[in-house]
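Remarks on the overall topology
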Amino acid sequence: MYVFETIIALKQHLDQHRKGDQRIGFVPTMGALHEGHLSLLQAAQEQSDIRVCSIFVNPTQFNNPDDLARYPRTLDADLKLLEEAGCDVVFAPSVQEMYISQPLLTLSFGDLETVMEGAFRPGHFNGVGIVVGKLFNIVQPHYAYFGQKDLQQVAVVKRLVRDLSFPVDIVRCPILREPDGLAMSSRNRNLTPDERQQATELYNALTLAQSLLQEDGDLARAKDAVANHFAQKPQFQLEYFEIANADTLQPAEQLQAPGMTALCIAAQLGKVRLIDNLVF
Ligand code: AMP
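Residues numbered from 1 in each chain as written. Predicted model: local features only at pLDDT ≥ 70, side-chain atom pairs only at ≥ 80, totals over all residues. Heavy atoms only, no water.

In this section: the pattern of salt bridges. Summed over all chains, the structure comprises 13 salt bridges. D67 is the partner of R121 in a salt bridge, and the nearest nitrogen-oxygen pair spans 3.8 Å. Taken as a pair, R121 in the loop between α6 (116-120) and α7 (124-139) and D67 in helix α3 (residues 65-70) lie far apart in primary sequence, 54 residues in all. The pair R121 / D67 is uniform in exposure class, with both members buried. Close ionic contact of D67 with R187 constitutes a salt bridge, the shortest N to O distance being 2.8 Å. Of this pair, D67 sits in helix α3 while R187 is found in the loop between β6 (169-173) and α9 (193-198), placing the two residues 120 residues apart along the sequence. Judged by relative accessible area, which is 15%, D67 ranks as buried. With a relative accessible area of 15%, R187 lands in the buried category. Three or more residues are tied together by salt bridges with common partners; here these are D67, R121 and R187. (Salt bridge = Lys/Arg side-chain N within 4 Å of Asp/Glu carboxyl O. Helix = DSSP H or I, 4+ residues; strand = E, 2+ residues; numbered from the N terminus. Buried < 20%, exposed > 50% of the residue type's maximum accessible area, 1.4 Å probe, protein only.)

Put into structure tokens, the structure is as follows:
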């Protein structure tokens, strides 16, 4: 496995593979890797000849400096996991390498960013769009793999690719969960043991809402049930629970076509912000 910290060295290496007509699969991450990340690499394994994973905690997508400071960084362990998982190339640049200067460009994603993560994390998707665009230009992958865990991010990245004609196929991969249902996340490491036990309540709320909706399709009843679920759990600060279209992320007024209803939730538990979703 090759590890590069500079753009030039990575490009030189990948150019050799590109000349040999090899397909490049790319998994962008912020590190503190877990099985969810490795499942993206696994998906890349099936479609691509060369698997590239980036590890970069992108400061421009954090709207909260404490969140950025607390974000777990575990590079040595990450490299070990990636090597074991059969990753070919790792790109782990410094902030200086990625941002010689602060970008002047700002990206706006219209309706896609006025809801949920966009509404609660102002500027977040601008930062995501800029860094993903830069990484696509640096790596020039044929395929790029993103987790459904960040459903709105997938929609934003697909829109970026469409609007700027990036020659890359975006592949959405399913959410990997712990045995008790908690969606795997780098931020889970920051939960206390007690909080870790309670964190499964996000998934419980999602499955409760799903089963109510499957009974009678009543969106208001499902929303009330989730609000009540957390009203009895003051350790959580529920930021939002939305029923939305899985592609547009816009609030739904009724159940969508099969596979297109997205239940999306975000809550603060102690110092950790958790998000999850369920698409059915
Ligand atoms: P992050 O390092 O959190 O920026 O995540 C990097 C990529 O891994 C993103 O595309 C995430 O959506 C994806 N990812 C994070 N957690 C999971 C999970 N539990 N299952 C599948 N993919 C995930």
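It is worth spelling out the sheet that holds strand β7 (residues 236-245) at this point. An order of β7-β8-β9 is seen for the 3 strands of this open sheet, with the pairing classed as antiparallel. Each having just a single partner strand, β7 and β9 (272-279) make up the two edges of the open sheet. Shown here is a sheet whose adjacent strand axes are inclined to one another by a mean of 15°, direction ignored. (Pairing = 2+ DSSP bridges. Axes fitted to C-alpha atoms, helices over the stretch in contact; angles between N-to-C directions.)

Attention now moves to the site of the ligand. The immediate surroundings of the ligand are formed by 17 residues, with M30, G147, D150, L176 and M184 found nearest. Between the ligand and M30 there is a distance of 2.9 Å, counted from an oxygen atom to a backbone nitrogen or oxygen. At 2.9 Å from a nitrogen atom of the ligand is found a main-chain nitrogen or oxygen belonging to M184. Take the shell around the ligand: its biggest share by element is 3 residues, from helix α2 (residues 35-47). (Near = heavy atom within 4 Å. Polar contact = N/O pair within 3.5 Å; in protein donor to acceptor, adjacent residues only side chain to side chain.)

Here we come to the side chain of S185. For S185, the location among the structural elements is in the loop between β6 and α9. A polar contact is formed between the side chain of S185 and the backbone nitrogen of R187, at a distance of 3.1 Å. With residues up to four places along the chain from it excluded, the contact list for S185 reads H34 and K149. (Contact = heavy atoms within 4.5 Å.)

Interfaces are often sized by the accessible area lost when the parts come together. Its domain assignment divides the protein into domain 1 (2-173) and domain 2 (186-279). Taken over C-alpha atoms, the centre of domain 1 sits 26 Å from the centre of domain 2. Taken together, the contacts link 25 residues of domain 1 with 22 residues of domain 2. Regarding the contact of domain 1 and domain 2, the summed buried area is about 2000 Å², with carbon and sulfur atoms giving 52% of it. On inspection of domain 1 and its partner domain 2, the count reaches 2 salt bridges. In this structure, the connection of domain 1 to domain 2 is made through 11 residue pairs in polar contact (both at pLDDT 80 or more). Taken together, the elements giving at least two residues each to the side of domain 1 that touches domain 2 come down to α3, α6 and α8 (151-164). (Domains from an automatic or database assignment. Buried area = accessible area lost by both parts, 1.4 Å probe.)

As a general feature of sheets, a regular strand has side chains that alternate between the two faces. Among the 5 residues in strand β5 (residues 143-147), 5 count as buried, and that is most of the element. Residues of β5 alternate between two faces, with Y143, Y145 and G147 on one and A144 and F146 on the opposite face, all of them buried. For strand β2 (residues 24-29) and β5, the ladder comprises 2 bridges, and the chain directions are parallel. Along β5, the bridge assignment pairs F26 with A144. The pairing of β5 with β6 spans 5 bridges and is parallel. Across the sheet, residue Y145 finds its bridge partner in β6, namely V171. One crossover worth recording links β5 to the parallel β6 by way of α8, and it is right-handed. (Right-handed = clockwise from strand over helix to strand, strands pointing away.)

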